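Observations on the model geometry
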Amino acid sequence: MSQKADIALIGLAVMGQNLILNMDSHGFVVCAYNRTVDKVTHFLNHEAKGTKVIGATSLADMVSKLKTPRKIMLLVKAGSAVDAFIDQLVPLLSPGDLIIDGGNSEYQDTARRCDELKKKNLLYVGSGVSGGEEGARYGPSLMPGGHKEAWPLIKDIFQSIAAKSGSDPCCEWVGEGGAGHFVKMVHNGIEYGDMQLICEAYDLMKALGLNQKEMANAFDEWNKGELDSFLIEITRDILNYKDENGYLLERIRDTAGQKGTGKWTAIAALQYGVPVTLIGEAVFFRCLSALKEERVHASKQLSGPSGKKSVAERAQFLNHIKNALYCSKIVSYAQGFMLMREAAKEFDWNLNYGGIALMWRGGCIIRSRFLGNIKEAYTRNPQLSNLLLDDFFKKAIQSGQESWRQVVSQAVLWGVPVPALSAALAFYDGYRAEKLPANLLQAQRDYFGAHTYELLGKEGKFVHTNWTGTGGNVSASTYDA
Ligand code: 2AM
């Protein structure tokens, strides 16, 4: 009998193939399988030629070729395909065997599958995998969660193939149930936010009259400082890109697509009542961009400010834009971490926030120097309640906020939409406000719906007022909630 495999991987689209090749490069023997079995032979004869990868002709064949306890990773389309494979695998497996889903599954699905497989004495892991095809081959960011007993079985493989930040793997155990996929979802939401912020900076640069080379140079400069990141770097390259007709970017239709993971983050934010406003705006602005025909029509009907868009000092204003982007980015990550904190409470996860920052530090789309700063903030204080309260970020906002306010006000005066920059600023001002106008809101609710309110200094006592009481006489009745 030939050598048994360390792990099986089902799903030979590019991500799956590349993860297999990555595992192979790190010395693991992988058994490959795919619904359309012809793809297995093709893969073995082409991409995997000369490797230790073995193939399987059926699920039973695959299961027979694995060391026990068996580890089987799925990289198939999220949704019913995952359930279908689980259903077929269950009768072939023995107690203690492990199924891992590396697709983009919804965290509730992962939690449900964990529960179902636990009843069958099987282990289950739902892992976020980020970094695209390149990451899968040479080092993805991996965010595994599910049955904790499964972690020792895959730790070596996962941490070996993951991206590295210095010598640290961008992969750590995230938490129980759907925790891995939840964290991956927040990662994707943050990616939406980062991209939107960069787009707003680009739009403001255009408003200022910068040509494309100047914009590319600005992003190149920014990439040398605190904004150093994959997304800033590719933005520079995109701005520099020319084909036979000149710069390509201006010829691309301005309607954004989305696969839905940003939307899921916004839905989770609403569900758990966390003000993740920047990602929400990023999702909505993609929706607005998709209304191209309506916008073209409205652009001929609706007026905006007519003055010339100019500033006294262009270089100085560019620096303001950079600072505004940086401050907003801090708010966006603070919001994302607030969402994870709330979900952790809801699901009883013991999330390691510094570890999450480290997982995102390399391999994935939002990789950046900034995530190193977040990791350091949580290392300084693992109990940090909000990123905005960390000294490093507090100081960063202190020194950038004048710029941030200038940019948002100027954009408003010019009529340039900056939903993410301005939502972040509104959040910042709201979060640091000891008093918000919600006292009026509570009074209104009590007026029309007798919802009651609490008096300052008498919290816990709920009071109702008869606001239309005769002769303007306000009567209050008190009762315990
Ligand atoms: P296929 O090659 O047989 O289409 C990405 O689409 C991966 O998910 C591919 O390996 C694909 O298999 C698999 N996949 C997509 N939908 C599937 C389904 N309903 N059942 C099983 N595998 C599926």
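Reference entry: report on the structure contained in this document. Along each chain, the written sequence defines residue order, and numbers are assigned to residues from 1. For this predicted model, a pLDDT threshold of at least 70 governs which residues receive local features, and a threshold of 80 or more governs which side-chain atom pairs are given and counted, while totals over whole chains, interfaces and linings are taken from all residues. Side-chain metrics rest on all non-hydrogen atoms present in the structure, leaving aside hydrogens and water.

Definition of nearness: a residue and a molecule or strand are near each other if at least one heavy atom of the residue lies within 4 Å of the molecule or strand. Gly11, Leu12, Ala13, Asn34, Arg35, Thr36, Lys39, Val76, Lys77, Ala81 and Phe85 make up every residue found near the ligand. Here a polar contact means two N or O atoms within 3.5 Å. Within protein one must be a hydrogen donor candidate and the other an acceptor candidate, and residues neighboring in sequence count only if both atoms are side-chain atoms. Between the ligand and Lys77 there is a distance of 3.3 Å, counted from an oxygen atom to a backbone nitrogen or oxygen. The protein chains hide 75% of the 480 Å² of surface that the ligand would expose on its own. Gly counts as polar in this scheme, as do all residues outside two lists: the nonpolar Ala, Val, Leu, Ile, Met, Phe, Trp, Tyr, Cys and Pro, and the charged Asp, Glu, Lys and Arg. Residue composition of the shell around the ligand, by class: five nonpolar, three polar and three charged. Computed with a 1.4 Å probe, the accessible areas rest on the Shrake-Rupley method; for each residue, only the protein chains presented here act as cover.

Right, let's get into helix 10 (residues 230-240). A 1.4 Å probe rolled over the protein chains alone gives each residue an accessible area, and that area as a share of the maximum for its type sets the label: buried under 20%, exposed over 50%, partly exposed in between. Only runs of H or I of at least four residues qualify as helices and only runs of E of at least two qualify as strands under DSSP, and these elements are numbered from the N terminus. Within the sequence span of helix 10, burial applies to Leu231, Ile232, Thr235, Arg236 and Leu239. Viewed end-on, helix 10 has its buried residues packed into an arc of 145°, placing them on one side of the element. Contacts are residue-level and defined by heavy atoms, with any inter-residue pair within 4.5 Å sufficient. Those residues of helix 10 that are buried are in contact with helix 8 (179-207), helix 9 (212-222), strand 12 (246-247) and helix 14 (314-347). The arc in question is the one traced by the directions running from the helix axis out to the C-beta atoms.

Now for the pairing of strand 5 (residues 98-101). Along strand 5, one buried face is formed by Leu98 and Ile100 and the opposite face, lined by Ile99 and Asp101, is buried too. At least two bridges found by DSSP between two strands are what make those strands a pair. Where strand 4 (residues 71-74) and strand 5 come together, four bridges link them in parallel fashion. By the bridge assignment for strand 5, Leu74 is matched with Asp101. Handedness of the crossover is the feature at issue here: the chain leaves strand 5, passes through helix 5 (residues 107-119), returns alongside strand 6 (residues 123-130), and the resulting connection is right-handed. Handedness rule for crossovers: strands pointing away from the viewer, path from the first strand over the helix to the second running clockwise, crossover right-handed.

Right, let's talk about the environment of Ala163 for a bit. Among the secondary structure elements, Ala163 is positioned in the loop between helix 7 (151-161) and strand 8 (164-165). When its relative accessible area of 9% is taken as the criterion, Ala163 is described as buried. Along the chain, Ala163 and Gly457 lie 294 residues apart, while their C-alpha atoms are 52 Å from each other. Setting aside residues no more than four positions away along its own chain, Ala163 makes contact with Gly139, Pro140, Asp168, Pro169, Cys170, Gly362 and Gly363.

With respect to the helices and strands, the residue Val14 is situated in helix 1 (residues 14-25). Between the C-alpha atoms of Val14 and Arg253, which are 239 residues apart in sequence, the distance is 27 Å.

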